[in-house]
Amino acid sequence: MTAPTTYRILIGKPGLDGHDRGAKVIARALRDAGFEVIYSGLHQTPESLVRTAIQEDVDGVGLSILSGAHNTLMPEVVRLLTEEGADDIFVFGGGIIPAEDIPGLLDAGVKAIFTPGTPTTDVIDFVQTACDEKYGVQESGE
Amino acid sequence: MTSPLAQRVLDGEHRAAARLMRLADDGAPAARQALTELFPHTGNAYILGVTGNPGSGKSTLVNRLIKSFRATGSTVGCIAVDPTSPFSGGAILGDRVRMQEHADDPGVFIRSVATRGHLGGLSRSTPAMIQIFDAMGFDVIIVETVGVGQDEVDIVRFADTSLVVLVPGLGDDIQADKAGLMEIADIFVLNKADRPGIKRLEREVRTMLSLHRAAADGQTTRPPICLTTAATGDGLPLLVEAIDDHRQSLQRQDRRQRSLTQQAHLIRAIARTELEILFEETATAPQFSALVADVVDGTTDPFTAADAFLAALLRRNDV
Ligand SMILES: Nc1nc2c(ncn2[C@@H]2O[C@H](COP(=O)(O)OP(=O)(O)O)[C@@H](O)[C@H]2O)c(=O)[nH]1
Ligand SMILES: [Mg+2]
């Protein structure tokens, strides 16, 4: 598969919490790094996020969860993507996630977890590398 | 023979359609064949354009319109265009936020697109995306465009019905803009009717319309003016009625004449894109550098060199 000219990322807010500041910070940082970012808005279900990811043909989905429901919501998004034959879309997550939950989430197929205090540049670097890897692009040099 | 990608799109597969939309957006050569194969399956959808300034409530309105089309059983494809950042080339595409109540409805497909530097409120790929939705069998295609200056609203060339959304309280300086909008609006939507200044806005638009139509000979029909509060849904039934009336009047009009106009613009848009690609290819070929050096060394002049450049471009060759 040849690499697209522009990578596309969905930033989703599944679940009940109403705080989207972190999600918006990441969305803006990704835009400023040259990504096209689709923002879902609050209170999404895993199903609606997966449909959105497919319709928007994104390369990856970033999930921001502050409600504590990450252990169910994040693996559910991964599972539904696989079920839809869209497991080439990688999933990463951020939010208030206890260290002991992280191995389980990674086991469930979440590609990376970012906890509060992670520099935004780390997140951008991860997304860039994950997209490059997906298409076998050697250097992320633009 | 239909290629697998085009066949999957015709079968209504969302994943394949979304992928083809991306290939079209990227200007990938692979898109071309599939789009060519889809063309015979197009021409059936009703295309509704929605244009207006940022923040005027277009996405909120589109969300309501999707709901009303769904209520009558029509399937809806939606293309939501937002601007690309000129600084990074990236974009935040947030129109969906207002439409996510339809995310679980298989009869609705929403696609966010960035302008990627294209002027006129649409992305270069928007016509291709319309074609893909059309070939998939969507009954209605709604295109939300980036609101821009009055001279640059491309969607009217592709839409069957164009809504222009205005809101109160933007000041007198938009008067001039409204004059240009007269040309493109099939229906005026005065949104945020819950805001002060709505009466004044309505008066202004009516005055502009009567002046404009008096000046333009032979134009007998005036676009209707609908007052809406998209946030609450007030005024939506009348807008839906106005849209339906316009759609009916189109069906009575000469369909062929409309298709001629639409296809003329489409062919020009495709040719312009191809030309730009060829131009870039020619301008980055090593032979071009040699030509530049010839000019600098005085063996030829810029005009002769430009002729050689164009000749090479039209031969689809290097300089
Ligand atoms: N007061 C009022 N606000 C509205 C109305 N319609 C939309 N809005 C608000 O205007 C803002 C921009 O709306 P949006 O649909 O995103 O506008 P767009 O940029 O034109 O797509 C949002 O905060 C909406 O809630 C309305 O009829 N009245
Ligand atoms: Mg919008």
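Above this text you will find the structure in question.
Residues numbered from 1 in each chain as written. Chains lettered and ligands numbered in written order. Predicted model: local features only at pLDDT ≥ 70, side-chain atom pairs only at ≥ 80, totals over all residues. Heavy atoms only, no water.

**Some remarks on the pattern of salt bridges**
And step 1. Following the criterion strictly, the structure yields 27 salt bridges over all chains and no others.
And step 2. Of the charged contacts, one joins Asp57 of chain A and Arg19 of chain B as a salt bridge, the two residues approaching to 2.9 Å between their closest N and O atoms. Placement of Asp57 of chain A in the loop between α2 (46–55) and β3 (60–65) and of Arg19 of chain B in helix α2 (residues 14–25) is noted, with the two residues assigned to different chains.
And step 3. Exposure remark for Asp57 of chain A: the relative accessible area of 1% places this residue in the buried category.
And step 4. A salt bridge links Lys199 of chain B to Glu202 of chain B; the shortest N-O distance between them is 3.5 Å. Of the two residues, Lys199 of chain B and Glu202 of chain B both sit in helix α7 (residues 198–215), three residues apart, roughly one turn of that helix.
And step 5. Since its relative accessible area comes to 13%, Glu202 of chain B is described here as buried.
And step 6. Taken together, the salt bridges that share partners define one network made up of Arg8, Glu36 and Glu56 of chain A together with Asp25, Asp26, Arg96, Arg111 and Arg116 of chain B. (Salt bridge = Lys/Arg side-chain N within 4 Å of Asp/Glu carboxyl O. Helix = DSSP H or I, 4+ residues; strand = E, 2+ residues; numbered from the N terminus. Buried < 20%, exposed > 50% of the residue type's maximum accessible area, 1.4 Å probe, protein only.)

**Remarks on the sheet that holds strand β4 (residues 108–114) of chain B**
Residues and elements named next belong to chain B.
And step 1. The strand order across the open sheet built from seven strands is β4-β2-β5-β1-β6-β7-β8, with neighbouring strands paired in parallel fashion. The sheet terminates laterally at β4 and β8 (225–227), the two strands that pair on one side only. For this sheet, the mean inter-axis angle between neighbouring strands, taken without regard to orientation, is 20°.
And step 2. Judged from the four bridges that link them, strand β6 (residues 161–166) and strand β7 (residues 187–190) form a sheet pairing that is parallel. Across the sheet, Val164 pairs through a bridge with Phe188, a residue of β7. (Pairing = 2+ DSSP bridges. Axes fitted to C-alpha atoms, helices over the stretch in contact; angles between N-to-C directions.)

**Digging into helix α4 (residues 58–71) of chain B**
All names here are of chain B.
And step 1. Between its terminal C-alpha atoms α4 stretches 20 Å, which fits the 20 Å expected from 14 residues at 1.5 Å a residue.
And step 2. Of all the positions in α4, only Lys58, Ser59, Leu61, Val62, Asn63, Leu65, Ile66 and Phe69 are classed as buried.
And step 3. Looking at the residues trailing α4, positive phi occurs at Gly73, about 90°. (Expected span 1.5 Å × (residues − 1).)

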